[in-house]
Amino acid sequence: MHVKKYLLKCLHRLQKGPGYTYKELLVWYCDNTNTHGPKRIICEGPKKKAMWFFITLLFAALVCWQWGLFIRTYLSWEVSVSLSIGFKAMDFPAVTVCNASPFQYSKVTHLLKDLDELMEAVLRRILAPEPSLANATTALNFTIWNHTPLVLIDERNPHHPVVLDLFRENHNGSESSSPAPERICNAQGCKMAMRLCSLNGTECTFRNFTSATQAVTEWYLLQATNIFAQVPQQKLVEMGYPAERLILACLFGDEPCSYRNFTSIFDPHYGNCYIFNWGMTEKALPSANPGTEFGLKLILDIGQGDYVPFLASTAGVRLMLHEQRSYPFIRDEGIYAMSGTETSIGVLVDKLQRMGEPYSPCTVNGSDVPIQNFYSDYNTTYSIQACLRSCFQDHMIRNCSCGHYLYPLPHGEKYCNTRDFPDWARCYSKQQMNVAQRESCIGMCKESCNDTQYKMTISMADWPSEASEDWIFHVLSQERDRSTNLTLSRKGIVKLNIYFQEFNYRTIEESAANNIVWLLSNLGGQFGFWMGGSVLCLIEFGEIIIDFVWITIIKLVALAKGLRQRRTQARYAGPPPTVAELVEAHTNFGFQPDTTHHSPNTVAYPDEQSPPIPGTPPPNYDSLRLGVIESDSEGDTI
């Protein structure tokens, strides 16, 4: 009911037209506003009016310019970083340890036999390039070699580079077909490369290396990846180092521990890895106090005598400290501990807290990241490393039709291998070199809003000492192998001490550099400084804007009404007809003569004489009815 009354008032207002003009409204505003300047425009003489009009307009422009700067600064969502230091008892971090060699060579020899023989022949070719010095290679299995061979590129003539295969006759890599002057050129004149060709061999690319050591290592790793990708993961786990042989002794604070307190995962780079205090099935262990005696002490046997010779060129233990329930990307974030040493690692904790959108492009749990997390089977928390690797694996599957062995595989897909995907190595190399793809993954992946980083201080010393190594190795050999003979040596033993240096932790927290209070105070300060205004002045200005819009609407309605009336008058040549003429212009069929009963002698009206116009009935005037009409004032009625 109130809405109907309000709409009726609006209709009457439109019918009556504006009660005042734009000029009258502007004069009223200048005379009543609390803003300095407009009053002087209407009160002063002509010269001062012009001066005050110019000053008011200039200062209003300055206010709008300053407002634009402050609003743009606020919408840039800048952050300020604060650093605070706290002190409290903390949970001990999760510790992941892996052997530098992913497999025991004695258990993978049958898989790598052909590859190792081919590798030895390659090394003989490199070390003894003359045909007379190189051994015969007729017994080698060149099936692996033919997919991705190593070649030498002779660039002594830059205009005619020559590609030399280590086990085939020379063939020219350029348009020129001039033969190579030597069977194998020397290292100074050639560089080693890996040739990657498409399935039909029409397109080939070369991955160049500056050293033969790098070339043969990368080539062997690529071929080993191809072999292990065809082996079920359970068999790969059995070929790795078991926990009972790797972990000889464990002590956490005053409590003894063993390999049973570690959780096993399989990492394609390092084989079997073992995580202490991961917090997946049990509560995280707290650290009672800072210091070495309250930390984790480990004695590990890496079994260096059973390393894969061409696959693991580094001896030691790879370890990493990380949060509970987070996946350890140990290849990228881990550190090495040398064999024959005691490595002490003092830990300090940094906690990072980001604000999130729109200030920082971070995510709480990864649910708003448009990339499927292939590490979700481990039930770990989100991390940007998992997102980047999942994104790369997704591109591999879409572009190469298979997934790489080093990353988790989604359900229903297969790992790349030369048997099912002969040109996968070339496709993988293209994906690695694709800058646009890497940038797209970086753009879609987000940092975690809450993160904990462990800063490590590392120190090392020889262990055991020459005076004590005899009895230490005898005791460890007796405990593990039940043997009085020495089964351990300095080359395979690693001792680790991991502890909190102190319970002080640093919190690095983001906060909004420009919040809404900062914005409003600066907007109000500029408005008050340049024009002496306040929020009420803005309300007054909004009111006059509404009045201007209302007057414009009324004028437009009046204009449309006038145009409609002029179109009605234009239909008549003379003055507009009266009501009686309009009524008589329509025939009333109720007063037509009755022609149903007429005599045969009846004579019709002559053609030149029209029938008489019957009288019209009295009109039914609606205007004679009395009704209540609402006026502008609520109490007045007609």
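For the protein chain, the name recorded in an unreviewed UniProt entry is Epithelial sodium channel subunit beta, with Carlito syrichta as its organism. UniProt, in the comment section headed Sequence similarities (unreviewed entry), describes the protein chain in these words: "Belongs to the amiloride-sensitive sodium channel (TC 1.A.6) family. SCNN1B subfamily." The UniProt entry for the protein chain carries the following text under Catalytic activity (unreviewed entry): "Na(+)(in) = Na(+)(out)".

K.L.:
Got a minute to help me understand the nonpolar core in this structure?
P.N.:
Most often, soluble globular proteins have nonpolar side chains that are buried together. Among the nonpolar cores identified, the biggest contains 62 residues, and Phe103, Leu150 and Trp219 are the most heavily contacted of them. Element by element, the count of residues in this core is highest for helix 7 (residues 212-228), at 8 residues. When neighbours within four sequence positions are excluded, Phe103 is seen to be in contact with Val108, Phe228, Leu236, Met239, Gly240, Tyr241, Phe266, Asp306, Val308, Leu311 and Tyr405.

K.L.:
In this structure, what is going on with a nonpolar patch on the surface? I would like to understand it.
P.N.:
On the surface, Phe541, Ile545, Val549, Trp550, Ile553 and Val557 cluster together to form a nonpolar patch covering roughly 490 Å² of accessible area. Looking at the secondary structure, you find Val557 in helix 16 (residues 535-569). What makes Val557 partly exposed here is its relative accessible area of 36%.

K.L.:
Got a minute to help me understand the packing of helix 11 (residues 384-400) against helix 12 (residues 424-433) in this structure?
P.N.:
The axes of two packed helices give the description: the angle between them and the distance between them. Packing of helix 11 against helix 12 brings their axes to within 10 Å, and their N-to-C directions diverge by 135°. Put simply, helix 11 runs oblique to helix 12. For the crossing formed where helix 11 meets helix 12, the hand is right-handed. Contact with helix 11, carried on its side by Phe392, His395, Met396, Asn399 and Cys400, involves Cys427, Tyr428, Gln431 and Gln432 of helix 12 and no other residues of that element.

K.L.:
Looking at this structure, I do not really get the side chain of Gln437. What am I missing?
P.N.:
Examined against the element boundaries, Gln437 turns out to sit in helix 13 (residues 435-444). Each residue touching Gln437, except ones within four places of it in the same chain, is listed here: Phe392, His395, Asn399 and Gln431.

What counts, and at which threshold
- Residues numbered from 1 in each chain as written.
- Predicted model: local features only at pLDDT ≥ 70, side-chain atom pairs only at ≥ 80, totals over all residues.
- Heavy atoms only, no water.
- UniProt positions renumbered as here; feature names shortened; annotations may be inferred.
- Core = buried A, V, L, I, M, F, W, Y, C linked by side-chain atoms within 4.5 Å.
- Buried < 20%, exposed > 50% of the residue type's maximum accessible area, 1.4 Å probe, protein only.
- Helix = DSSP H or I, 4+ residues; strand = E, 2+ residues; numbered from the N terminus.
- Contact = heavy atoms within 4.5 Å.
- Patch = residues over 30% accessible without salt bridge, like charges linked within 9 Å, V, L, I, M, F, W, Y side chains within 5 Å.
- Areas by Shrake-Rupley, 256 points an atom, 1.4 Å probe, with all protein chains shown as cover.
- Salt bridge = Lys/Arg side-chain N within 4 Å of Asp/Glu carboxyl O.
- Axes fitted to C-alpha atoms, helices over the stretch in contact; angles between N-to-C directions.
- Parallel < 35°, antiparallel > 145°, perpendicular 65-115°, else oblique.
- Left-handed = near helix turned anticlockwise from the far one by under 90°.

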